[in-house]
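# Overview (structure and organization)
Here is what each chain is made of, one letter per residue.
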Amino acid sequence: MVPIQELQQILLRRAADSHKGTFGTVLLIGGSYGMTGAMAMAGKAALRSGAGLVRLAVPRSCVDIVAGWQPEYTVIPLPEDSAGKIALSSREILYEAASQATVAAIGPGLGQSEELDILLPELWHSLEIPMVWDADALHSLARTLTTPSPASHLRMITPHPGEFAHLCPQTPASNPEAQRQEAVRWATRQQAVVVLKGTGTLITDGVQQVRNETGNPGMGTGGCGDILTGILASFLAQLLRREVSPFDIARLAVFLHGRSGDLAAEALGEVSLIASDLIRFLPDAIRLPIGRLEKKA
């Protein structure tokens, strides 16, 4: 387990001859009618976390709204169903976009539908790039996932206790200790990394586990998880090629996500903190020397 300060220094080091390709391409998949903000915040968080290129694949009706948030990412229009959610016919476009990406993340603002219940398990098993799974994408997995993806296909999930209870109904959200134990077992079975969000977020790959100490109650507000998804995808795109383990990448992302929330709360107060404040304070969280440490689970 690499010390968190060393992981920060690896992230901060950039060669003089670096270019946008050096830092990877992140593909974010999600959004639906009325749920565009989640994708926009995830995309901006990925940019602020240092990804070279960020592409957002969203339903066609969401393109103008999402594109208007941030000029630095690009937007891919997808076919949609009658409710404004990603349609099954998006399959070919998503595979093509994934072939040009370093890492993909799916879930922010996605919504749920029968077509997504067909599409998402296929992506889980078939996309050959590392993927982060969050939010409504996890609800679909809970209904459809029966076997792990190939070991060569890195998968990382970021459930809150309610979402994890859907994945593992035998461990309700009211029993956090049972959920933490099951998260370790789930990571082992699925050959995945689990980030079980909440007070003292647990990060585990089934072999190692750690509890995060940054963050505060002000982060209990809509959108903070979407920002973590963007950070995770961005760090994976940059650090896997530097031979940092997925487990350590998740540790760093969760730590700095919580640290940005702590900086925001210090400036604004926990009551007034909103998710987009985390992006505002993320640059300081990334660059300032780290003093606080994690504790082992």
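Everything that follows concerns the structure shown earlier in this document.
In this text, all values refer to a predicted model and were calculated from it rather than measured experimentally. (Residues numbered from 1 in each chain as written. Predicted model: local features only at pLDDT ≥ 70, side-chain atom pairs only at ≥ 80, totals over all residues. Heavy atoms only, no water.)

So, on to the overall build of the protein. Helices and strands together make up the secondary structure of the protein, namely 11 helices and 10 strands. Here the protein has a C-alpha radius of gyration of 18 Å; the compact-globule value for 297 residues is 19 Å, and the two agree. Here the protein has roughly 12100 Å² of accessible surface; of this, 53% comes from carbon and sulfur atoms. Treating the 25 positive side-chain charges of the protein as one cloud and the 29 negative ones as another, the clouds have centres 5 Å apart. (Helix = DSSP H or I, 4+ residues; strand = E, 2+ residues; numbered from the N terminus. Rg over C-alpha atoms; globule rule 2.2 N^0.38 Å. Areas by Shrake-Rupley, 256 points an atom, 1.4 Å probe, with all protein chains shown as cover. Lys, Arg positive; Asp, Glu negative; His and termini not counted. Charge placed at Lys NZ, Arg CZ, Asp CG, Glu CD.)

Here we come to the side chain of Thr158. Here Thr158 lies in the loop between strand E6 (155–157) and helix H7 (161–167). In contact with Thr158, other than residues within four places in its own chain, are Val132, Trp133, Asp134, Leu138, Glu163, Val195, Lys197, Thr229 and Leu232. (Contact = heavy atoms within 4.5 Å.)

So, on to the packing of aromatic side chains. The geometry of an aromatic ring pair is captured by two quantities: the separation of the ring centres and the angle between the planes. Throughout the structure, instances matching the rule amount to 2 aromatic pairs. Aromatic pair Trp124 and Trp133: ring centres 5.2 Å apart, planes at 70°, arrangement edge-to-face. Exposure class is identical for Trp124 and Trp133. Each is buried. When the ring of Trp124 is compared with that of Trp186, the centres are 6.3 Å apart and the planes differ by 70°; the resulting orientation is edge-to-face. A residue pair is termed long-range when its members are at least 10 positions apart, and Trp124 in helix H5 (residues 114–126) and Trp186 in helix H8 (residues 176–190) qualify at 62 residues. Each member of the pair, Trp124 as well as Trp186, carries the same accessibility label: buried. (Phe/Tyr/Trp six-rings, centres within 6.5 Å; stacked < 30°, edge-to-face > 60°. Buried < 20%, exposed > 50% of the residue type's maximum accessible area, 1.4 Å probe, protein only.)

This next bit is on helix H10 (residues 246–268). Along its 23 residues, H10 runs 33 Å from first to last C-alpha, staying within 8% of the 33 Å computed at 1.5 Å per residue. Burial analysis of H10 places 18 of its 23 residues in the buried class, which makes it a mostly covered element. Within two residues after H10, Gly269 carries a phi angle of roughly 90°, on the positive side. (Expected span 1.5 Å × (residues − 1).)

Glancing now at H5. Here H5 spans 19 Å end to end across 13 residues, near enough to the 18 Å set by a 1.5 Å rise per residue. Where H5 is buried, its residues meet helix H4 (91–99), strand E4 (103–106), strand E5 (131–133), helix H6 (136–144), E6 and H8.

Before going further, it helps to spend a moment on the side chain of Glu182. Tracing the backbone shows Glu182 in helix H8. Classification of Glu182 as buried rests on a relative accessible area of 4%. Side chain to side chain, Glu182 and Arg189 meet in a polar contact 2.9 Å long. Setting aside residues up to four positions removed in sequence, Glu182 forms contacts with Phe164, Cys168, Gln170, Thr171 and Arg189. (Polar contact = N/O pair within 3.5 Å; in protein donor to acceptor, adjacent residues only side chain to side chain.)

Just distances and angles here, no functional claims.
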